[in-house]
Amino acid sequence: EGKQLLIAGAAGWPNAFSEARSGSNDVKIVLVRGATLELRFLTDDDSQPLADAQVLAAVGETKQMGGGAPGGLVGGLTDRAGVVTLEVRPGELQFLVLSSPDAPTTMWAGGQKMPGQMKGPDSTTLAPGTNRMTFRVPRGALVKGRVLDGGDKPLAGAEVVSLGFL
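### Thoughts on the overall build of the protein
Assigned secondary structure in the protein consists of zero helices and 10 strands. Ordered by position in the sequence, the α and β elements of the protein form the string β-β-β-β-β-β-β-β-β-β. In the protein, which comprises 166 residues, the proportion classed as buried is 34%. Carbon together with sulfur atoms contributes 51% to the accessible area of the protein, which is approximately 10,100 Å² in total.

### Details of empty space enclosed by the protein
Going through the model one piece at a time under the given rule, you end up with one cavity of 30 Å³ or more. Approximately 40 Å³ is the volume found for the largest cavity. In this structure, the largest cavity is lined by Pro14, Asn15, Val59, Gly72, Leu73, Val74, Val88 and Arg89. Secondary structure elements with two or more residues in the lining of the largest cavity: strand S2 (13–21) and strand S5 (72–77). Counted by class, the lining of the largest cavity contains five nonpolar, two polar and one charged residues.

### Re the packing of aromatic side chains
Tallied over the full model, the rule gives two aromatic pairs. Aromatic pair Phe41 and Phe135: ring centres 5.5 Å apart, planes at 20 degrees, arrangement stacked. Remark: Phe135 occurs in strand S10 (residues 129–137) and Phe41 occurs in strand S3 (residues 35–43); sequence separation between them is 94 residues. Per residue, the accessibility class of Phe41 equals that of Phe135, and both read buried. Measuring from centroid to centroid gives 5.2 Å for Trp108 and Phe135, while their planes differ by 75 degrees, and the two rings are edge-to-face.

### Section: the nonpolar core
Counting residues in each nonpolar core, the largest one holds 23 residues, and the members touching the most others are Leu39, Phe41, Leu93, Leu96 and Phe135. Sort the elements by how many residues they give to this core and S3 lands first, with four residues. When neighbours within four sequence positions are excluded, Leu96 is seen to be in contact with Leu39, Phe41, Val55, Leu56, Ala57, Thr106, Met107, Trp108, Met118 and Phe135.

### So, the environment of Lys153
Here Lys153 is to be found in the segment after S10. When near neighbours in sequence (up to four residues on either side) are disregarded, Lys153 contacts Val147 and Leu148.

### Observations regarding the environment of Ala127
Within the fold, Ala127 resides in the loop between strand S9 (125–126) and S10. Given the relative accessible area of 35%, Ala127 is considered partly exposed. Separated by 38 residues in the primary sequence, Ala127 and Arg89 have C-alpha atoms spaced 8.6 Å apart. For Ala127, the residues in contact, after removing those within four places along its chain, are Ala35 and Pro90.

### Remarks on the sheet that holds strand S6 (residues 83–88)
With mixed pairing, the three strands of this open sheet are ordered in space as S6-S3-S10. In this open sheet, the two edge strands, each paired with only one partner strand, are S6 and S10. With direction set aside, neighbouring strand axes in the sheet form an average angle of 20 degrees. Examined bridge by bridge, S3 and S10 share nine bridges and lie parallel to one another.

The rules we used
- Residues numbered from 1 in each chain as written.
- Predicted model: local features only at pLDDT ≥ 70, side-chain atom pairs only at ≥ 80, totals over all residues.
- Heavy atoms only, no water.
- Helix = DSSP H or I, 4+ residues; strand = E, 2+ residues; numbered from the N terminus.
- Buried < 20%, exposed > 50% of the residue type's maximum accessible area, 1.4 Å probe, protein only.
- Areas by Shrake-Rupley, 256 points an atom, 1.4 Å probe, with all protein chains shown as cover.
- 1 Å grid on protein atoms, 1.4 Å probe; cavity = no way out; pocket = protein on both sides within 12 Å on 5 of 7 lines; lining within 4 Å.
- Points joined across faces, edges and corners; volume = space filled by probe spheres on them.
- Nonpolar A, V, L, I, M, F, W, Y, C, P; charged D, E, K, R; others polar.
- Phe/Tyr/Trp six-rings, centres within 6.5 Å; stacked < 30°, edge-to-face > 60°.
- Core = buried A, V, L, I, M, F, W, Y, C linked by side-chain atoms within 4.5 Å.
- Contact = heavy atoms within 4.5 Å.
- Pairing = 2+ DSSP bridges.
- Axes fitted to C-alpha atoms, helices over the stretch in contact; angles between N-to-C directions.

This is how it looks when you write it as structure tokens:
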């Protein structure tokens, strides 16, 4: 009952999100393509490419997602030059998430300035054709410490992961 979030996809097409009410019998989801997004990810301090990084991008009609779903989500893996090429719809690049073996997980939110996030272009507009953008990724901060149990004893085998964009 209520509103349902739907996603549609087909080989060779960026996926698309839509909303529909339960019981709807004439739902239409339009898949749109026509833009290529070539993203390059470099370290902020020494411009080294970030290879083998997972990238998730949201593209929609507006700069921000607002309360609804993105127009579409696409993902890929960077090559040795730190570049990933994604087939998307023309519109606005709403946000990116980058998970790299060589840097903390970080994000970029269409020009919104947030501590610890990667630096990217001011323009979020994706025109038909090829769109090239470069992002500078912070390496993160050095943090030292211990993981303890409730009794203040060291907890062997515990792992700590940085969620650099919080």
